[in-house]
Amino acid sequence: MEERSPKNRLVAVCGKGGTGKTAFISIMTKILTQHDDQRILVIDADPAMSLANALGVQITKTIGEIREEIIKSAARFGDDEEEKLRIVNTLDYMVLEALAEKSKFGLLVMGRPDAVGCFCPVNDLLRDAIETLSKNFDVTLIDGEAGIEQIHRQVVRVVDTPVILTDTSSRGLQTAALIKKIVESKKLIRCKRLGMVVNRVRGDEEMVRGFAEKVGVEILGYIPEDENISHYDLRGQPLTELPDDSSSVVAIRQVSQKLGLLDGEAEG
Ligand SMILES: Nc1ncnc2c1ncn2[C@@H]1O[C@H](COP(=O)(O)OP(=O)(O)OP(=O)(O)O)[C@@H](O)[C@H]1O
Ligand SMILES: [Mg+2]
């Protein structure tokens, strides 16, 4: 059978702290991996590194640790340009070492950002290696911090689908408006679609809709308060094991369809 070419979509979620970014990415991973044979890469770009737990994956190495190894060896080799070149040439391989592979998806954890100083050349090289790796996957999902800049600097240059996650608090919505501004002003996106997902709604959708219209951002979906999420979190059970009919899973499936991430289902 002919191998299907990857769609190469890059979805990054950002938004105010605690709005449910990690839960969203975990549940979307569950949904996309259930759906035919898409190859999914998940990247944890949040230094707090909570995604591996939510996905039930054990990680052995982070990109941050690789960066430190490279910097240490580069220092050891001083002016030996040949050795430095050798390190650069093994970078793709080193990034693969940090890839935790489950049967249905791969996970990369960025880990801590630069501990000391700025090692921009190393970051650039690592970012190139991550971009090369992500080209082998149909969809790359990135769990980020509030801003999109750190993703741009350290993970990938271009995000085609930035998703702003917010709750219904005014701070969440203000952060969403700010992120939209940053994304647009810096032209960080070959944007297929910038959208907002509103999490933990409890019948207050109307108010948020008004805000979104004013700011000019499309609402991709509403996720209800789902007590299964809290129960799973409390027990340390991966969110990828949530039942298919759990209200949050149903809502995130609709968002995935709307974004055209599920094969054979049109973008809405
Ligand atoms: N729809 C929901 N229903 C119930 N609880 C939820 C829902 N979404 C998220 N939560 C809970 O809210 C808390 C924060 O969620 P999560 O860790 O996904 O947020 P985050 O945006 O990734 O946070 P951080 O900014 O710290 O990384 C968690 O305890 C999670 O269980
Ligand atoms: Mg998180």
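Everything here concerns the structure above.
These numbers were taken from a predicted model, which means no experiment stands behind them.

Participant: What's the story with the site of ligand 1 in this structure? I'm lost.
Facilitator: Residues in contact with ligand 1 amount to 17 residues; listed here are only the nearest, K21, T22, A23, D226 and D233. Here an oxygen atom of ligand 1 sits 3.1 Å away from a polar atom, N or O, in the side chain of D46. P224 is positioned with one of its backbone polar atoms (N or O) 3.1 Å from a nitrogen atom of ligand 1. Burial of ligand 1 by the protein amounts to 78% of the accessible area it has alone, namely 630 Å². Those elements that provide at least two residues to the shell around ligand 1 are α1 (21-34), β7 (195-201), β8 (218-224) and α10 (227-235). Across the shell around ligand 1, the residue classes break down as 4 nonpolar, 7 polar and 6 charged.

Participant: Is there a simple way to explain the sheet that holds strand β2 (residues 40-44) in this structure?
Facilitator: Working definition: the strands of a sheet are paired by backbone hydrogen bonds and lie parallel or antiparallel to each other. The 8 strands lie next to each other as β3-β4-β2-β5-β1-β6-β7-β8, forming an open sheet whose pairing is mixed. The open sheet has two edge strands, β3 (100-101) and β8, and neither has a second partner. Note that β2 and strand β5 (residues 139-143) share 5 bridges and pair parallel. Across the sheet, residue D44 finds its bridge partner in β5, namely D143.

Participant: Sorry, what's going on with the side chain of K21 here?
Facilitator: Looking at the element boundaries, K21 is found in helix α1. Buried and without a salt bridge, K21 has D46 as its closest oppositely charged side chain, separated by 5.8 Å. For K21, the residues in contact, after removing those within four places along its chain, are V13, C14, G15, K16, D143, G144, E145 and L165.

Participant: Please clarify how the pattern of salt bridges should be interpreted in this entry.
Facilitator: Opposite charge on two side chains makes pairing possible when the charged atoms of those side chains draw close. Within this structure, the stated rule accounts for 10 salt bridges. For R112, the salt bridge identified is with E68, shortest N-O distance 3.2 Å. One end of the pair, R112, is in the loop between β4 (105-109) and α6 (120-134); the other, E68, is in helix α3 (residues 63-77), with 44 residues separating them in the sequence. One connected set of salt bridges, linked through shared partners, spans K61, E69 and E97.

Participant: Any chance you could explain the pairing of strand β1 (residues 9-14) here in plain terms?
Facilitator: Every other side chain in a regular strand lies on the same face of the sheet, so the side chains alternate between the two faces. Of all 6 residues in β1, 6 are buried, a share of seventy percent or more. Burial of the side chains of β1 extends over both faces: R9, V11 and V13 are buried on one face and L10, A12 and C14 on the other. Both β1 and β5 contribute to a ladder of 5 bridges, which runs parallel. If you follow A12 over to β5, its bridge partner there is I142.

Participant: Got a minute to help me understand the packing of α1 against helix α11 (residues 247-258) in this structure?
Facilitator: Helix-helix packing: each pair is described by the crossing angle between the helix axes and the interaxial distance. Here α1 crosses α11 at 70°, and the two axes come no closer than 9 Å. One element, α1, and the other, α11, form an angle in the roughly perpendicular class. Listed contacts from α11 to F24, I27, M28, K30, I31, L32 and Q34 of α1 are S248, V249, I252, R253, V255 and S256. Here the contact of α1 with α11 is built from residues that sort into 8 nonpolar, 3 polar and 2 charged.

Participant: I would appreciate a short explanation of α1 in the present structure.
Facilitator: Taking 1.5 Å as the rise per residue, α1 with 14 residues should run 20 Å; its terminal C-alpha atoms sit 20 Å apart, in good agreement. With 13 of its 14 residues buried, α1 lies for the most part within the structure. At the exit of α1 stands D36, carrying a positive phi of roughly 30°.

Rules behind the numbers
As a convention, each chain's residues are numbered from 1 in the sequence order in which they are written. A letter from A marks each chain and a number from 1 marks each ligand, given out in the order of writing. Only residues with pLDDT of at least 70 are given local features in this predicted model, and only at 80 or more are side-chain atom pairs given and counted; all residues enter the totals for whole chains, interfaces and linings. Hydrogen atoms and water are omitted, and side-chain values are computed over all heavy atoms in the structure. To be near a molecule or strand, a residue needs just one of its heavy atoms within 4 Å of it. Under this definition, polar contacts are N or O atom pairs within 3.5 Å; protein pairs additionally need one hydrogen-donor-capable and one acceptor-capable atom, and for neighbouring residues in sequence, both atoms have to be side-chain atoms. Only the protein chains shown count as cover for residues, and the accessible areas themselves come from Shrake-Rupley with a 1.4 Å probe. Here a strand is any run of E in DSSP of at least two residues, a helix any run of H or I of at least four, and the numbering for each starts at the N terminus. Following the grouping adopted for this structure description, the nonpolar residues are Ala, Val, Leu, Ile, Met, Phe, Trp, Tyr, Cys and Pro, the charged ones are Asp, Glu, Lys and Arg, and the polar ones are all others, Gly among them. When DSSP finds at least two bridges between two strands, those strands are taken to pair. Relative accessibility thresholds used throughout: buried, under 20% of the residue-type maximum; exposed, over 50%; partly exposed, between the two (1.4 Å probe, protein chains only). For the charge count, each Lys or Arg is scored as positive and each Asp or Glu as negative, with His and the chain ends excluded. Salt bridges are defined as contacts in which a side-chain nitrogen from Lys or Arg sits within 4 Å of a carboxyl oxygen from Asp or Glu. Note on definitions: a residue-residue contact is assigned when non-hydrogen atoms from the two residues lie within 4.5 Å. A fitted line through C-alpha atoms represents every axis, and for helices the fit uses only the stretch in contact; the resulting angles, taken between N-to-C directions, go from 0 to 180 degrees. Under this scheme an angle from 65 to 115 degrees is roughly perpendicular, one under 35 degrees roughly parallel, and one over 145 degrees roughly antiparallel; angles in between are oblique. An expected span of 1.5 Å times one less than the residue number is assigned to each helix.

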